[in-house]
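Summary of structural features
What follows is each chain in one-letter form.
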Amino acid sequence: MTEPFVLAVPSKGRLQENADAFFARAGLTLAKSGGARDYRGTINGLDNVEIAYLSASEIAANLARGAVHLGITGEDLIRENIVDADRRVALIEPLGFGYANVVVAVPQAWIDVRTMADLDDVSTAFRARHNRRMRVATKYINLTRNFFAGHGVVDYRIVESAGATEGAPAVGTAELIVDITTTGATLAANGLKVLDDGVMLRSQANLVASRDADWSPQARETARIILDHIASRARANVFKEVRTRFKGCDAALLDEARTRFGVVAPFGGPTSSGMLTLHCPPAQIYALATFLRVHGADTVSVASLEYVLDRDNPLYTKLDAFLAT
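Attention in this report is confined to the structure presented alongside it. On a predicted model such as this, the values are computed, not experimentally measured, just so you know.

A word on the overall build of the protein chain
Scanning the protein chain from N- to C-terminus turns up 12 helices and 15 strands. Seen through its principal axes, the protein chain has C-alpha atoms that stretch 85 × 55 × 40 Å. Taking the intrachain contacts of the protein chain between residues at least 6 apart in sequence as the baseline, contacts between residues at least 24 apart amount to 70%. As presented, the protein chain carries roughly 16,600 Å² of accessible surface, and 50% of it is formed by carbon and sulfur atoms. Of the charged side chains in the protein chain, 35 are positive and 37 negative, and the gap between their average positions amounts to 2 Å.

Here you go:
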């Protein structure tokens, strides 16, 4: 039997809800045959696909091991948990949810510490005064080491955080922290501030491919189908379809519309009867319609697009190039 194509999806919370909605918008409906508590699922219409519902950190680990072909997880977990991540996995598509920044935060009382250079000075003075290194509480050990090294900060030691990292300075287990934040409100509530140049990574959920998965011809074809759905929906989101017909519609007018409004003519130029179909960025719809009417159009219709399927799929091209290197 052909081994299943494994797609790993977050198992709970807002990430799962957003992932389900993302695939549904692309025409891919995820289903749990055993009910809500089941940790395996399917995609309706793709019999060889197995959905693995895992935590976001487990998805990163399984991508590293090649146990899943594609997975949805945060870039922060990829960068933290996978050594040489850019060689072992490919970030195929950012998904527009699961935003979080990995940041360096220090007590607000440190009024003279605003940058990593300031932190370097303070950490050196702290060691001279206390005969020990400044403590940094974090779950992001590898990201912290790399970021601090890039800024030349060496007088610190990491205290691995097992609980609420933002509380470490208040209870005296660390002097500063590296943690994730979305709005910064929790940090502020705990008397902390983010350094001006202390944003280590702006993370969001990504669709990620594993190099070490079993990329058989069947698996590649399944990936192509899935990525075709996603790419066609993404393309539809950035355009509205504009239709019109008038005698003055010619190639020169179309070239001017392309230049001024960023339109695409997916089916070529105007027909002999002057019929023209354009794909236009939503922000340019009114300006384009005005332009067409000024040049002779009596009626311009605008419609939303569900999917736009092109011969070339940039997402699959990205995956194919990654696997070929």
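Past the structure itself, the notes keep going.
Comments concerning the packing of aromatic side chains
This model, assessed by the stated rule, comprises four aromatic pairs. Here F148 and Y156 contribute two aromatic rings whose centre-to-centre distance is 4.7 Å and whose plane-to-plane angle is 55°, an arrangement assigned as tilted. With a relative accessible area of 13%, Y156 lands in the buried category. We note R233 situated over the ring of Y307; from NZ or CZ to the ring centre the distance is 6.0 Å.

Points about the sheet that holds strand β13 (residues 240–245)
One open sheet accounts for three strands, arranged β14-β13-β15; its pairing is antiparallel. Each edge of the open sheet carries a strand with a single partner, namely β14 (275–280) and β15 (300–304). When strand polarity is set aside, the average angle formed by the axes of neighbouring strands in this sheet is 20°. Strands β13, β14 and β15 of the sheet are contacted by helix α11 (residues 285–294), whose axis makes an angle of about 10° with β13.

Regarding the nonpolar core
Formed by 36 residues in total, the largest nonpolar core has its most connected members in F23, I43, W215, I230 and L319. Those elements that place two or more of their residues in this core are β1 (5–10), α1 (13–25), β4 (46–54), β5 (70–74), β6 (89–94), β12 (205–210), α9 (217–237) and α12 (314–324). The element best represented in this core is α9, accounting for six residues. The next biggest cluster of nonpolar side chains, apart from the first, holds 20 residues, and it includes V136, L143, V153 and M200.

A closer look at α11
Within the span of α11, buried status applies to I285, L288, A289, F291 and L292. Each buried residue of α11 sits inside an arc of 160° when the element is viewed along its axis, so together they form one side. When the buried face of α11 is taken as reference, the exposed residues oriented beyond 90 degrees from it are Y286 and V294. Buried residues along α11 sit against β13, α10 (251–261), β14 and β15. Where α11 terminates, the next one or two residues include G296, which has phi positive at roughly 125°.

Observations concerning the sheet that holds β1
The seven strands are arranged β2-β3-β4-β1-β5-β12-β6 in an open sheet whose pairing can be described as mixed. The strands lining the two open edges of the sheet, one partner per strand, are β2 (30–31) and β6. Inspection of the sheet shows β5 paired to β12 by five bridges, in the antiparallel sense. Across the sheet, G71 pairs through a bridge with V208, a residue of β12. On top of the sheet, α12 reaches β6 and β12; it is set at about 170° to β6, its chief contact.

Some words on the side chain of N62
Structurally, the position occupied by N62 is in helix α2 (residues 56–65). For N62, a relative accessible area of 15% puts it in the buried group. In this structure the side chain of N62 is engaged in a polar contact, spanning 2.8 Å, whose partner is the backbone oxygen of E58. For N62, the contacting residues outside a window of four places in its chain are L54, A67 and V68.

Some details on the pairing of strand β10 (residues 176–181)
Counting buried positions along β10 gives five out of six residues, so the element sits mostly inside the fold. Two elements, strand β7 (residues 100–107) and β10, share five bridges in a ladder whose sense is antiparallel. Counted as the bridge partner of V104 is V178 from β10.

Digging into the packing of α9 against α12
Between α9 and α12, the shortest axis-to-axis distance is 8 Å and the interhelical angle comes to 145°. Along the contact surface, α9 presents R220, A223, R224, L227, I230 and A231, while α12 presents L315, Y316, L319, D320 and L323. Split by residue class, the contact of α9 with α12 holds eight nonpolar, no polar and three charged.

Remarks on the pattern of salt bridges
Applying the stated rule across the entire model yields 17 salt bridges. Residues joined by salt bridges that share partners form a network here, namely E75, R79 and D86.

Structural notes on the environment of D214
With respect to the secondary-structure elements, D214 resides in the loop between β12 and α9. In this structure D214 comes out as partly exposed when scored by relative accessible area, which is 47%. With residues up to four places along the chain from it excluded, the contact list for D214 reads H69 and A219.

What counts, and where the lines are drawn
- Residues numbered from 1 in each chain as written.
- Predicted model: local features only at pLDDT ≥ 70, side-chain atom pairs only at ≥ 80, totals over all residues.
- Heavy atoms only, no water.
- Helix = DSSP H or I, 4+ residues; strand = E, 2+ residues; numbered from the N terminus.
- Contact = heavy atoms within 4.5 Å.
- Areas by Shrake-Rupley, 256 points an atom, 1.4 Å probe, with all protein chains shown as cover.
- Lys, Arg positive; Asp, Glu negative; His and termini not counted.
- Charge placed at Lys NZ, Arg CZ, Asp CG, Glu CD.
- Phe/Tyr/Trp six-rings, centres within 6.5 Å; stacked < 30°, edge-to-face > 60°.
- Buried < 20%, exposed > 50% of the residue type's maximum accessible area, 1.4 Å probe, protein only.
- Lys NZ or Arg CZ within 6 Å of the ring centre and 35° of its normal.
- Pairing = 2+ DSSP bridges.
- Axes fitted to C-alpha atoms, helices over the stretch in contact; angles between N-to-C directions.
- Core = buried A, V, L, I, M, F, W, Y, C linked by side-chain atoms within 4.5 Å.
- Arc of directions from axis to C-beta.
- Polar contact = N/O pair within 3.5 Å; in protein donor to acceptor, adjacent residues only side chain to side chain.
- Nonpolar A, V, L, I, M, F, W, Y, C, P; charged D, E, K, R; others polar.
- Salt bridge = Lys/Arg side-chain N within 4 Å of Asp/Glu carboxyl O.

On their own, these measurements won't tell you what the molecule is for.
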